[in-house]
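# Summary of structural features
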Amino acid sequence: MPPFASASSFTPPRAERRPHRFTAHGVDICDDYAWIRAKNWREAIQDPAVLPQEIRALLEAENAYADSVLADLAPLADKIYAEMEGRIDETDSDPPARDGDWLYYRRYRAEGQHELICRRPAAGGEEIILLDGDRLAEGKDFFDLGEAIHSPDHKLLAYSCDERGNELHRIRWLDLASGAEGADIVDHCAGTIVWTRDSRAFLYTRMDDDFRSAQVFLHRLGSEPATDRLILSETDPAWFVHLRAARSRGHAIVKISDHDCSECWLVDLETPEAPARLVLPRREGLRYEVEPGRDRLFMRTNADGAFDYKLMSIALDALDLGEWREEVPHRPGRMIFNATAFADWLVWLEREDCKPRLMTKTRDGVEEELHFEAPCHHLRLQRNFDFEQPILRFSYSSLTEPEEIYDYDLATRARVLLKRQKVPSGHDPAAYDSRLDFATAPDGEKVPISMVWRRDRKSGPGPVLLYGYGAYGSALPDSFDETLFSLIDRGFLYAIAHVRGGTEKGSRWYEDGKLEHKANTFTDFIACARHLCALGLTEPGKIVAEGGSAGGMLMGAVANLAPELFGGIIAEVPFVDVVNTICDASLPLTPPEWHEWGNPIESAEVFRRLLSYSPYDNVKAQAYPPMLIEAGLTDPRVTYWEPAKWAQALRARMTGGGPILLKTNMDAGHGGAAGRYDGLEEDALRQAFAVAAVGAET
């Protein structure tokens with residue numbers, strides 16, 4: 001029996017066709033489902049209750065149809081959910097980080113959905129729960145706790161939360177002695193918080209009407225937010241404003257960037273009203289980030305042709321002189337992708353041929369590499385509060401090994417294990433194997449594929465879940481994900497296709513997967529699927545492809561190009577209506593996207609290129625594999641109508657296959673459900689779909 005045979009018993013929703021015609025660069029376009037984009041979409045993202053009824057009815061009908069078709073999978077999804085739940089440490093806790101006389105950490109209570117923000121005296125004493133995420137979430141359909149930052153004097157806590165899923169945060173603050181909450185609440189924020197040194201004010205980024213972080217403000221506690229002081233503002237709609245605290249906590253760092261270049265400003269947290277200091281002015285193609293050390297400012301930059309980045313420094317008190325010193329030179333193919341500074345040390349992460357390395361350098365110029373053996377692993381710098389002491393906190397995991405968090409003494413080179421991720425139901429890394437392999441793309445490029453499987457997996461072609469993204473220079477991590485082992489234990493091989501558009505092989509890998517080279521992302525993914533078949537690990541029809549957001553566009557593209565390869569496709573919040581979105585400058589995230597995809601409004605060549613691969617515009621009269629498509633009603637990044645229109649176009653034009661299932665979370669946005677157990681329910685359903693799509697063991 002073919003997968004989802006029961007789907008024929010249910011009638012999928014058929015939206016009315018209301019042709020909307022327009023001409024661009026001499027090309028006539030007809031969009032049958034343009035009406036699904038509500039005229040009041042901005043208001044609906046902030047308040048879903050105002051969504052027009054006919055659109056709501058369509059989305060609810062889609063949900064009902066998907067639930068009906070997937071009903072037979074409910075027992076399997078419940079079983080997988082229970083397995084995933086069994087791998088979660090219910091009372092998981094961060095290793096405490098010392099700040100002055102206190103140890104700060106986050107933890108969960110048993111069965112809790114959201115984190116507790118806690119501290120206890122460093123000298124010994126009882127735990128104090130500063131903020132209870134579960135209590136804050138009570139009665140809300142969606143709740144996501146953003147930052148929770150204590151003040152320098154340890155007397156106050158400021159925190160942000162998103163209560164719609166639209167990424168518009170609200171910032172509140174608490175008096176930690178009395179528990180009293182300040183009456184002054186700051187709305188429409190990006191969620192980041194940086195305290196001033198006097199503990200009487202904080203900096204934050206405000207979102208504009210187009211859901212773009214555009215301004216940095218200073219809020220004095222107890223004052224009306226309407227009177228907050230503007231620190232920095234960006235009016236170009238293609239640029240976003242990002243805020244964070246320096247590790248030294250003497251400065252706030254404001255980074256203003258688009259997808260092509262950036263500029264950074266330093267705000268002195270002793271005198272935040274003083275003019276911010278510009279590090280380097282923006283110019284085309286210049287990307288950089290900064291971090292203050294004791295007396296020098298360190299910079300990771302691609303300046304002067306260092307396309308895979310180098311590290312520079314300059315005296316903080318002579319910033320205007322421009323006398324930069326090279327700390328770590330550029331080396332093509334070695335991507336320096338993160339860096340931080342302690343008082344007397346420089347630390348950075350680099351990647352070469354998909355393999356990360358952790359590097360350190362003393363003030364005297366002595367470099368050291370920390371070694372890790374796993375072929376597919378992930379390294380991450382963790383936060384600790386002490387800037388003066390040479391203690392680096394970092395985490396390590398691999399595709400087979402749970403996360404470990406270490407404190408590393410940069411001076412003595414002693415490494416102390418603080419935490420090893422618990423898997424309560426059990427996990428034996430020796431029962432699994434991993435490998436880094438390379439597929440050959442049509443143009444001869446070698447595309448990395450990370451994979452993990454059970455050592456006792458049956459020989460011969462078996463089921464595969466192949467994940468991809470390939471955009472914005474984002475590199476997919478080879479990190480431990482306990483949720484995947486329900487599939488792996490059912491005989492799946494899990495593989496990550498490190499396609500062009502990311503930076504797994506350096507900045508060139510990114511450049512070769514954007515703009516006029518975007519098609520490489522799609523053909524790389526297909527090459528990875530075919531390579532796995534050639535190795536005898538799988539065969540056409542036994543591969544489930546998965547990707548989200550820009551990776552959802554990848555799913556749409558490969559479904560159009562090579563549907564016969566895939567037994568199923570999972571597309572989470574997929575960016576698939578590319579032409580209509582990138583041609584509409586009124587949409588909040590369109591102008592920033594032109595550096596990634598090109599500007600089809602100004603260029604006929606770009607318009608025709610986008611039209612050649614836009615998934616929605618290239619649905620063909622062919623058979624398509626079963627698809628599970630997910631959307632979020634309050635998503636400001638990939639708006640709900642993109643996946644909704646795509647689902648309708650697929651059903652209208654396909655000649656066989658399917659079913660096409662659209663599930664819209666009516667209470668969430670781009671990231672899906674926020675609670676840790678709610679998120680597991682979504683994961684379990686995806687995995688049940690994958691098992692059913694390829695007829696794997698249940």
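Presented here is a report on the structure given in the accompanying data block. Treat the numbers as computed from the prediction; the structure is a model and nothing was measured.

What follows concerns the overall build of the protein. Per the secondary structure count, the protein includes 13 helices and 39 strands. Here the C-alpha atoms of the protein give a radius of gyration of 25 Å, agreeing with the 26 Å that 2.2 N^0.38 yields for 698 residues. Principal-axis analysis of the C-alpha atoms places the extent of the protein at approximately 70 × 55 × 50 Å. Burial statistics for the protein: of 698 residues in total, 59% are counted as buried. Residue pairs in contact within the protein that sit at least 24 positions apart in sequence constitute 56% of those at least 6 positions apart. With the model as given, the accessible surface of the protein reaches about 27,400 Å², and the carbon-plus-sulfur share is 48%. In the protein, 80 positive and 114 negative side-chain charges are present, and the distance between their average locations comes to 2 Å.

What follows is about the sheet that holds strand β34 (residues 543-548). The strand order across the open sheet formed by 8 strands is β30-β31-β33-β32-β34-β35-β37-β39, and the pairing between neighbours is mixed. Each end of this open sheet is capped by a strand with a single partner; those strands are β30 (432-440) and β39 (660-665). On average, adjacent strands in this sheet sit at an angle of 20 degrees to one another, irrespective of strand direction. One ladder, built from 6 bridges, connects β34 with strand β35 (residues 566-572); its direction is parallel. By the bridge assignment for β35, Gly548 is matched with Glu572. Packed onto the sheet, helix α2 (residues 53-70) meets β37 (627-632) and β39 and runs at close to 120 degrees relative to β39. Relative to strand β32 (residues 464-468), helix α7 (residues 519-534) is tilted by about 155 degrees, and along the sheet it contacts β30, β31 (446-454), β32, β33 (493-497), β34 and β35.

If you walk across this open sheet you meet the 4 strands as β22-β23-β24-β25, and the pairing is antiparallel. Taken across any chain shown, the strands that pair with only one partner, and hence form the sheet edges, are β22 (335-341) and β25 (367-370). Taken over all neighbouring pairs, the strand axes of this sheet differ in orientation by 25 degrees on average, direction set aside.

Taken as a whole, helix α11 (residues 604-613) has its buried residues at Val606, Phe607, Arg609, Leu610 and Tyr613. Buried residues along α11 cover an arc of 165 degrees about the axis, so they all sit on one side. Among the structural elements, β1 (20-24), β2 (27-31), α7, α8 (550-561), α9 (578-582) and α10 (590-597) are those in contact with the buried residues of α11. The N-cap residue of α11 is Ser603: its side-chain oxygen and the backbone nitrogen of Glu605 are 3.3 Å apart.

Further remarks concern the environment of Phe240. Relative to the helices and strands, Phe240 is located in strand β14 (residues 240-245). Here Phe240 is in contact with Arg212, Ser213, Lys255, Ile256, Ser257, Leu589 and Pro592, once residues within four sequence places are set aside.

This brings us to the pairing of β1. Where β1 meets β2, 5 bridges bridge the pair, whose relative direction is antiparallel. When the sheet's bridge partners are listed, Arg21 is paired in β2 with Cys30. Joining the antiparallel neighbours β1 and β2 is a turn of 2 residues, in which His25 adopts a positive phi near 50 degrees.

Between α7 and α8, the least distance of the axes is 9 Å, while the angle of their chain directions is 65 degrees. Here α7 is positioned roughly perpendicular relative to α8, judged by the angle of their axes. Where α7 crosses over α8, the handedness of that crossing is right-handed. Contacts between α7 and α8 pair Thr521, Phe522, Phe525 and Ile526 from the former with Met553, Leu554, Met555, Ala557, Val558 and Leu561 from the latter. Split into classes, the residues belonging to the contact of α7 with α8 amount to 9 nonpolar, 1 polar and no charged.

With 12 residues, α8 extends 17 Å from end C-alpha to end C-alpha; this agrees with the ideal 16 Å at 1.5 Å per step. With 11 of its 12 residues buried, α8 lies for the most part within the structure. Among the residues of α8, Ala550, Gly551, Gly552, Met553, Leu554, Met555, Gly556, Ala557, Val558, Ala559 and Asn560 are the ones counted as buried.

The next thing to look at is the packing of aromatic side chains. Two aromatic rings are characterised by how far apart their centres lie and by the angle between their planes. Applying the stated rule across the entire model yields 16 aromatic pairs. Here a set of aromatic residues connected by ring pairs shows up, and it is made of Trp195, Phe202, Tyr204 and Phe217. Across the ring face of Trp35, the terminal group of Arg18 is positioned such that the distance to the ring centre comes to 4.1 Å. Looking at Arg206, its charged tip hangs above the ring of Phe217, at a distance of 3.8 Å from the centre.

Let us look at the pattern of salt bridges. Going through the model one piece at a time under the given rule, you end up with 61 salt bridges. Where Arg294 meets Asp344, a salt bridge forms, and the shortest distance between an N and an O atom there is 2.6 Å. Taken together, the residues span a long stretch of sequence, with Arg294 in the loop between β18 (288-292) and β19 (296-301) and Asp344 in the loop between β22 and β23 (345-352) at a distance of 50 residues. Asp433 is paired through a salt bridge with Arg455; the nearest N and O atoms lie 3.4 Å apart. Taken together, the positions of Asp433 in strand β30 and Arg455 in the loop between β31 and β32 put the pair 22 residues apart, joining distant regions of the chain. Salt bridges linked by common partners bring Arg294, Asp295, Asp344, Arg363 and Glu388 together as one network.

Rules behind the numbers
- Residues numbered from 1 in each chain as written.
- Predicted model: local features only at pLDDT ≥ 70, side-chain atom pairs only at ≥ 80, totals over all residues.
- Heavy atoms only, no water.
- Helix = DSSP H or I, 4+ residues; strand = E, 2+ residues; numbered from the N terminus.
- Rg over C-alpha atoms; globule rule 2.2 N^0.38 Å.
- Buried < 20%, exposed > 50% of the residue type's maximum accessible area, 1.4 Å probe, protein only.
- Contact = heavy atoms within 4.5 Å.
- Areas by Shrake-Rupley, 256 points an atom, 1.4 Å probe, with all protein chains shown as cover.
- Lys, Arg positive; Asp, Glu negative; His and termini not counted.
- Charge placed at Lys NZ, Arg CZ, Asp CG, Glu CD.
- Pairing = 2+ DSSP bridges.
- Axes fitted to C-alpha atoms, helices over the stretch in contact; angles between N-to-C directions.
- Arc of directions from axis to C-beta.
- Polar contact = N/O pair within 3.5 Å; in protein donor to acceptor, adjacent residues only side chain to side chain.
- Parallel < 35°, antiparallel > 145°, perpendicular 65-115°, else oblique.
- Left-handed = near helix turned anticlockwise from the far one by under 90°.
- Nonpolar A, V, L, I, M, F, W, Y, C, P; charged D, E, K, R; others polar.
- Expected span 1.5 Å × (residues − 1).
- Phe/Tyr/Trp six-rings, centres within 6.5 Å; stacked < 30°, edge-to-face > 60°.
- Lys NZ or Arg CZ within 6 Å of the ring centre and 35° of its normal.
- Salt bridge = Lys/Arg side-chain N within 4 Å of Asp/Glu carboxyl O.

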